[in-house]
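Take a look at the letters that make up each chain.
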Amino acid sequence: MLLGRIASLAALCLVAACSAPMQGFQVPLTKFTAYTPARPLIAEDRVDPYDGVLPACGDPSVLGFITDRFATREAGYWDSAIRIADFTAPYEIAYRPRDPYFIPRRYCSVTGLFTDDRRRKIYYSVDEDTGLFSFGWGVTWCPVGLDRDLTYAPGCKMARP
């Protein structure tokens, strides 16, 4: 009988709490409410911080990654025989151009010689912790003139800083 009264009192309190008008969520014994602005997290102050160490623009592993992925995309998706034969003059456009609040990125550009005997500009960024399952670095890339699905349109502008 006593347990029944306690259970009904708990149910009544729960119904009253759920139906009361909200004046803002407040965590007891703290100064934070729903209206407290969030403090921006600097990338290096996170629980799993970024270190900002990324490979250089001309690193063979980065350029090899672009070559392999381009060949796979062209053969498998576009049914094309175009490949990247060589790279010339890789250079860095910007390193972390936005604030330190964002993922560290190195923006680069390179001129690629393709198997159709044309030179095209390739814009790419090397991004920290964007590899497979967020381990290691990843590369986002766009060859000007071969962005057929317009992912980074117009003219690969969205792949640049």
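Right, let's walk through the structure included here. Just so you know, these numbers come straight off a predicted model, no measurement behind them.

**Quick word on the state of the cysteines**
Next up, step 1: Using the criterion set out here, one finds two disulfides in the structure.
Next up, step 2: A sulfur-sulfur distance of 1.9 Å marks the disulfide that ties C57 to C108. Classification of the bridge connecting C57 and C108 rests on its S-S torsion, roughly -65°, and on that basis the disulfide is left-handed. Placement of C57 in the loop between α1 (2–19) and α2 (60–76) and of C108 in strand β2 (residues 105–114) is noted, with a sequence separation of 51 residues between them.

**Considering the packing of aromatic side chains**
Next up, step 1: All chains considered together, the criterion is met by three aromatic pairs.
Next up, step 2: On the numbers, 6.1 Å between centres and 70° between planes, the contact of F70 with W141 is edge-to-face. Highlighted residues: F70 in helix α2 and W141 in strand β4 (residues 138–143), separated in sequence by 71 residues.
Next up, step 3: Given the relative accessible area of 0%, F70 is considered buried.
Next up, step 4: The class of W141 is buried, set by a relative accessible area of 13%.
Next up, step 5: By way of ring pairs, the aromatic residues F70, F114 and W141 are connected into one cluster.

Parameters and conventions
- Residues numbered from 1 in each chain as written.
- Predicted model: local features only at pLDDT ≥ 70, side-chain atom pairs only at ≥ 80, totals over all residues.
- Heavy atoms only, no water.
- Disulfide = S-S within 2.5 Å.
- Helix = DSSP H or I, 4+ residues; strand = E, 2+ residues; numbered from the N terminus.
- Phe/Tyr/Trp six-rings, centres within 6.5 Å; stacked < 30°, edge-to-face > 60°.
- Buried < 20%, exposed > 50% of the residue type's maximum accessible area, 1.4 Å probe, protein only.

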